[in-house]
Amino acid sequence: MTKGQLGGKLAGLSLPRQIIAIALWPLLEQVMSFICSCNTLILATHLGATGDEATEIAAGIGVTAYVMWLGFLMQGAVAMGATAIVSRMTGAKKFGEANFAANQAATMGLLAGVFSAFLMYFASDFLVVDFLALQGYAQQVALTFMHIACWVAIFSGIIFAVNAALRGAGDTRTPFFFMVCMDGLQVVFSIILIKCFGMGVEGLAWGMNAALAVTAALLVGILVRRTFHMKKAMPAGQDLDTYARSVSETFVPPLFLRLRSLVPNWEMIYRIVCIGFPQAVEVCGIWLIQIYVLRTISRLGDAYVGAHNIAVRIESLSFLPGFAIGMASATLVGQYLGARNVRMAAETVRKCMRYSLLFMGAMGVVFFLFPQIFVYLFAAKSEALMAAANPVVQLFLIAEPVYATMMIYKTSLRGAGDTRRVMFVTYGCMGVIRFGALFLWNQLWPQSITLVGIWCLFIFDMLVETLILHRMFCGLKWSRKKV
């Protein structure tokens, strides 16, 4: 492999084609994931016989998203560490170390999933009843869903960790097929359990559990099959790096399972934790701030909690291209740094920035012009939900370009392993602006708080974060980060 160039499926491709090659499958994956999450919310809100019931169900399901976010915090940290290390080792042609890191990430993902499941189970009552103070039917919906859906974390821990490692190695197609399988099965199982067995909210939760269990089993099965294939292909006693060089200079072996590599290794665990832990701390801080924001919104009424959740789901539609491009940027930055090509790593970030701004900016214009089309999909039965959500969705005209820039900077810096500084920026800005400003607003002028005002605060926070991240990127300290 020529110094500074990438191997495998990315070998010989121009930078735009490399971005497309990596981003295409995550984009399709995110589209399917968006359809699945929308299906859950649409099915849930249509369970209500009246507009008031639909509003309470939207509020209850909206709260569960934040409780699930808490549970998946550790899994996200493992995934980030796996992506950074595997991408760097792949770019440096250290394939044995990359495969070992992927196996260790799978073990850590399973352990994190078990811990997350119990955390969500025991924390859901306090968060839903005491902290967020949901009442009546909304509270019942949230608790019923969480007490069943929390066990999904056991399976998601494995899926997210292995998929993150595969993406780090440049293989985004395999995770796409597994995520499509997971999301597709969730839609099918949920519809069957609700429509055929009349299970209501319980059907949504059990459908999620069943879908992820089947997907985890399929994922492990594919990796085991790869193990047998590699054993047949590799000469006895030959290590993976030597085998890869014997095939060709651009060959990148697929990741596979090795039983001895699944035994916890504290050195590799430490490396994964050093990268992933700052993100876990960052996301935990974000979660604490967002849960405080949600508590403030809950005082405005169930309609505003539901409208906030609907606005978040609609905004996530614009994340589809942005997230996929950000994932491509993180992978390519890690691999180019591993190949000692800082110039191409920086150029990757700039090109991904332009692409993300183009797509997400266009979505912001569509949201501004036609907000009612998107809101009606989720809130057809409730005039209160539609009235509260429409003006928030129109704000996305301003939010989308800012969020697109911030997303690319954050994912790129994390892909380089520079997660600690990103954590400090997130904490500083969100702590001062989202939490500090909202706290003072609550204390001094609580009667003037509106959902639109809260979202304007979000946009200002993202703008400040983006300006700081831009300076960090220009400083190039991230290019010297060791993983």
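Description of the structure in this document. None of the values given here were measured: they were computed from a predicted structure. (Residues numbered from 1 in each chain as written. Predicted model: local features only at pLDDT ≥ 70, side-chain atom pairs only at ≥ 80, totals over all residues. Heavy atoms only, no water.)

### Digging into the nonpolar core
Move 1: If you look at the biggest cluster of nonpolar residues, it comprises 145 residues, and the most contacted ones within it are F145, I314 and W478.
Move 2: At 14 residues, the largest contribution of residues to this core is made by helix α12 (residues 302-338).
Move 3: Once you skip the residues sitting within four places of it in the chain, W478 turns out to touch V333, L337, A345, A346, L413, A416, D418, R421, M472 and F473.
Move 4: Within the second largest apolar cluster, seven residues are counted, among which are M230, Y243, A244 and F256. (Core = buried A, V, L, I, M, F, W, Y, C linked by side-chain atoms within 4.5 Å. Buried < 20%, exposed > 50% of the residue type's maximum accessible area, 1.4 Å probe, protein only. Helix = DSSP H or I, 4+ residues; strand = E, 2+ residues; numbered from the N terminus. Contact = heavy atoms within 4.5 Å.)

### Brief notes about the pattern of salt bridges
Move 1: A full pass over the atoms with the stated rule returns seven salt bridges.
Move 2: The residue D171 makes a salt bridge to R226 at a minimum N-O spacing of 3.3 Å. Note that D171 is positioned in the loop between α6 (152-168) and α7 (173-196) and R226 in helix α8 (residues 201-233), a separation of 55 residues in sequence.
Move 3: According to the relative accessible area criterion, R226 is buried, its value standing at 17%.
Move 4: Between D418 and R421 there is a salt bridge; the shortest N-O distance is 2.8 Å. (Salt bridge = Lys/Arg side-chain N within 4 Å of Asp/Glu carboxyl O.)

### Some points on helix α9 (residues 240-247)
Each α-helix turn comprises 3.6 residues. Residues three or four places apart therefore point the same way.
Move 1: Buried within α9 we find L240, D241, Y243 and A244. The arc enclosing the buried residues of α9, seen along the axis, measures out at 160°, which places them on a common side. Facing away from the buried side of α9, by more than 90 degrees, are the exposed residues R245 and S246.
Move 2: Buried-residue contacts for α9 involve α4 (95-131) and α8.
Move 3: The N-terminus of α9 is capped by D239, whose side-chain oxygen sits 3.0 Å from the backbone nitrogen of D241. (Arc of directions from axis to C-beta. Polar contact = N/O pair within 3.5 Å; in protein donor to acceptor, adjacent residues only side chain to side chain.)

### A short note on the packing of α4 against helix α11 (residues 266-298)
Move 1: The N-to-C vectors of α4 and α11 enclose an angle of 25°; their axes lie 12 Å apart at closest approach. The angle between the axes of α4 and α11 places the two elements in the roughly parallel class. As α4 packs across α11, the resulting crossing turns out to be right-handed. The residues of α11 that touch α4, namely those facing E97, F100, A101, Q104, A105, M108, L127 and F131, are M268, I269, R271, I272, V273, W287, I291, Y292 and R295.
Move 2: When its residues are assigned to classes, the contact of α4 with α11 shows 13 nonpolar, one polar and three charged. (Axes fitted to C-alpha atoms, helices over the stretch in contact; angles between N-to-C directions. Parallel < 35°, antiparallel > 145°, perpendicular 65-115°, else oblique. Left-handed = near helix turned anticlockwise from the far one by under 90°. Nonpolar A, V, L, I, M, F, W, Y, C, P; charged D, E, K, R; others polar.)

### Re a nonpolar patch on the surface
Move 1: The grouping of V365, V366, F368, L369, F370, I373, L397 and I398 at the surface amounts to a nonpolar patch, some 670 Å² of accessible area in total.
Move 2: Structurally, the position occupied by L397 is in helix α16 (residues 396-415). (Patch = residues over 30% accessible without salt bridge, like charges linked within 9 Å, V, L, I, M, F, W, Y side chains within 5 Å. Areas by Shrake-Rupley, 256 points an atom, 1.4 Å probe, with all protein chains shown as cover.)

### Re the state of the cysteines
Move 1: All chains considered together, the criterion is met by zero disulfides.
Move 2: Between C429, a cysteine without a disulfide, and C474, which holds the nearest cysteine sulfur, the sulfur-to-sulfur distance is 16 Å. (Disulfide = S-S within 2.5 Å.)

Purely geometric numbers; function is a separate question.
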